[in-house]
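Given next are the chains, with one letter for each unit.
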Amino acid sequence: MKDKIFEVLQRIGRSFMLPIAILPVAGLLLGLGSSFTNETTIATYHLGKILGDGTILHALLVIMNKVGSAVFDNLPLLFAVGVAIGMAKKEKEVAALSAVIAYFVMNISISGMLEINGKILEDVLSGTIASVCGINTLQMGVFGGIIVGLGVAALHNRFHKIQLPNALSFFAGSRFVPIISTIVYMFMGILLYFVWPVVQNGIYAL
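Since the structure is predicted, the reported quantities are computational estimates derived from the model, not experimental observations.

Student: Explain helix H7 (residues 92–116) here, please?
Tutor: The terminal C-alpha atoms of H7 lie 36 Å apart, and with 25 residues this matches the ideal 36 Å at 1.5 Å per residue to within 8%. Backbone geometry just downstream of H7 places Gly118 in the positive-phi region, at approximately 65°.

Student: Help me understand the nonpolar core, please; the structure alone is not making it clear to me.
Tutor: Grouped burial of nonpolar side chains is what soluble globular proteins tend to show. Counting 26 residues, the largest nonpolar core has Met106, Ile110, Leu138, Met140, Val148, Val152 and Tyr185 as its most contacted members. A total of eight residues in this core trace back to one element, the largest contributor, which is H7. When residues no more than four places from it in sequence are discounted, the contact partners of Leu138 are Ile110, Leu114, Thr128, Ile129, Leu192, Tyr193, Trp196 and Pro197. With seven residues, the next largest nonpolar core counts Ile12, Leu75, Val83 and Met87 among its residues.

Student: How do you make sense of the environment of Tyr185 when you look at a structure like this?
Tutor: Tracing the sequence through the fold places Tyr185 in helix H10 (residues 176–205). Ignoring any residue separated from it by four or fewer positions in sequence, one finds Tyr185 in contact with Ala102, Val105, Met106, Ser109, Ile147, Val148, Gly151, Val152 and Leu155.

Student: Looking at this model, I keep getting lost on a nonpolar patch on the surface. Mind explaining?
Tutor: Where nonpolar side chains cluster on the molecular surface, the patch consists of Phe143, Leu191, Phe194, Val195, Val199, Ile203 and Tyr204 and spans about 660 Å² of accessible area. The element best represented in the nonpolar patch is H10, accounting for six residues. By the element assignment, Val195 lies in helix H10.

Student: Help me out: how do you make sense of the confidence of the model for the protein chain in this one?
Tutor: The predicted coordinates ought not to be read in detail in places where the model reports low pLDDT. Overall, the predicted model of the protein chain reaches an average pLDDT of 90, with 96% of residues at or above 70. Helix H9 (residues 142–159) holds the highest mean pLDDT among the elements of the protein chain, 96, whereas helix H8 (residues 120–123) holds the lowest, 58.

Student: Could you clarify how one ought to interpret H9 in this entry?
Tutor: Each α-helix winds once per 3.6 residues, and so residues spaced three or four apart point in a common direction. With 18 residues, H9 extends 25 Å from end C-alpha to end C-alpha; this agrees with the ideal 26 Å at 1.5 Å per step. Those residues of H9 lying buried are Gly144, Gly145, Ile146, Val148, Gly149, Val152, Ala153, Leu155, His156 and Phe159.

Student: Is there a simple way to think about the pairing of strand E2 (residues 135–138) in this case?
Tutor: Put simply, side chains in a regular strand alternate between the two faces of the sheet. Direction of pairing for strand E1 (residues 129–132) relative to E2: antiparallel, over a ladder of four bridges. Its bridge partner lying in E2, Ser131 is registered against Asn136. With antiparallel pairing between neighbouring strands as the criterion, E1 and E2 make up a hairpin whose turn holds two residues, including Cys133 at a positive phi of roughly 55°.

Student: Looking at this structure, how should I read the packing of aromatic side chains?
Tutor: Two numbers describe a pair of aromatic rings. These are the distance of the centres and the angle of the planes. As enumerated under the stated definition, the model contains six aromatic pairs in all. A centroid spacing of 5.3 Å and a plane angle of 85° characterise the contact between Phe170 and Phe171, whose relative ring orientation is edge-to-face. Judged by relative accessible area, which is 53%, Phe170 ranks as exposed. Lying across the ring of Phe159, Arg158 places its NZ or CZ 4.9 Å from the centre. Over the ring of Phe170 we find Arg175; its NZ or CZ atom is 4.4 Å from the centre of that ring.

Student: What is the right way to read the environment of Met87 from this model?
Tutor: With respect to the element layout, Met87 can be found in helix H6 (residues 75–87). On the basis of relative accessible area, Met87 is assigned to the buried category, the value being 9%. Residues Met87 and Thr40, spaced 47 residues apart in sequence, show a C-alpha to C-alpha distance of 46 Å. Beyond its immediate sequence surroundings of up to four residues, Met87 is in contact with Arg11, Ile12, Ser15, Leu150, Ala153 and Asn157.

Student: Is there a simple way to explain the packing of H7 against H10 in this structure?
Tutor: For any two helices packed against each other, the geometry is given by the interaxial angle and the distance between the axes. In the contact formed by H7 and H10, the axes pass within 7 Å of each other and the chain directions differ by 35°. In this structure, H7 crosses over H10, and the sense of that crossing is right-handed. Side by side, H7 and H10 meet where Val94, Ser98, Ile101, Ala102, Val105, Met106, Ser109, Ile110, Met113 and Leu114 of the first sit next to Val177, Pro178, Ser181, Thr182, Tyr185, Met186, Met188, Gly189, Ile190, Leu192, Tyr193 and Phe194 of the second. Taken together, the residues of the contact of H7 with H10 break down into 17 nonpolar, five polar and no charged.

So, how was this worked out
- Residues numbered from 1 in each chain as written.
- Predicted model: local features only at pLDDT ≥ 70, side-chain atom pairs only at ≥ 80, totals over all residues.
- Heavy atoms only, no water.
- Helix = DSSP H or I, 4+ residues; strand = E, 2+ residues; numbered from the N terminus.
- Expected span 1.5 Å × (residues − 1).
- Core = buried A, V, L, I, M, F, W, Y, C linked by side-chain atoms within 4.5 Å.
- Buried < 20%, exposed > 50% of the residue type's maximum accessible area, 1.4 Å probe, protein only.
- Contact = heavy atoms within 4.5 Å.
- Patch = residues over 30% accessible without salt bridge, like charges linked within 9 Å, V, L, I, M, F, W, Y side chains within 5 Å.
- Areas by Shrake-Rupley, 256 points an atom, 1.4 Å probe, with all protein chains shown as cover.
- Salt bridge = Lys/Arg side-chain N within 4 Å of Asp/Glu carboxyl O.
- pLDDT = per-residue confidence, 0-100.
- Pairing = 2+ DSSP bridges.
- Phe/Tyr/Trp six-rings, centres within 6.5 Å; stacked < 30°, edge-to-face > 60°.
- Lys NZ or Arg CZ within 6 Å of the ring centre and 35° of its normal.
- Axes fitted to C-alpha atoms, helices over the stretch in contact; angles between N-to-C directions.
- Left-handed = near helix turned anticlockwise from the far one by under 90°.
- Nonpolar A, V, L, I, M, F, W, Y, C, P; charged D, E, K, R; others polar.

In structure tokens:
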């Protein structure tokens with residue numbers, strides 16, 4: 001039992017390495033881009049002719065800054081996909097697709113609950129709600145991605161070989177994984193609407 005738990009924890013740790021591996025490069029792009037497009041830096045070192053607005057290097061650095069920011073802004077989604085791939089035993093591409101679907105479904109469900117209860121305008125300014133890929137949802141950060149990745153991987157490993165009656169055989173096997181992930185994470189989003197604020201308040205208190 002102890003060895004099995006340790007093995008699972010090892011797999012979880014290894015699955016985190018996939019999205020984490022991109023962070024140094026993203027950080028470098030973001031750091032260089034933001035540093036060398038800073039007006040104070042350019043003025044202090046008299047680099048206006050090389051890095052000033054309108055130069056080729058300035059345009060390149062602005063793009064580098066935006067690319068680095070894009071990675072950090074979408075870390076939850078990257079963790080959802082990376083963890084699902086790392087934890088899936090077979091047909092990892094199906095797990096990856098299911099994780100993307102589940103991530104959007106979960107956030108849309110949370111957004112729907114917020115809208116129904118009229119809390120979006122109330123909480124946006126307090127920082128408890130954030131825009132994720134254009135969806136107003138609870139601010140869960142990478143925790144939301146990890147919740148999706150682990151859950152989808154578990155569903156994938158359980159159902160990727162499922163057999164259905166002949167009339168539904170088209171949806172059997174790996175095709176069933178995105179379907180069950182969508183249903184489960186619709187309800188998971190509704191559940192997290194009630195549960196996550198409590199967790200969030202605990203994190204803020206710490």
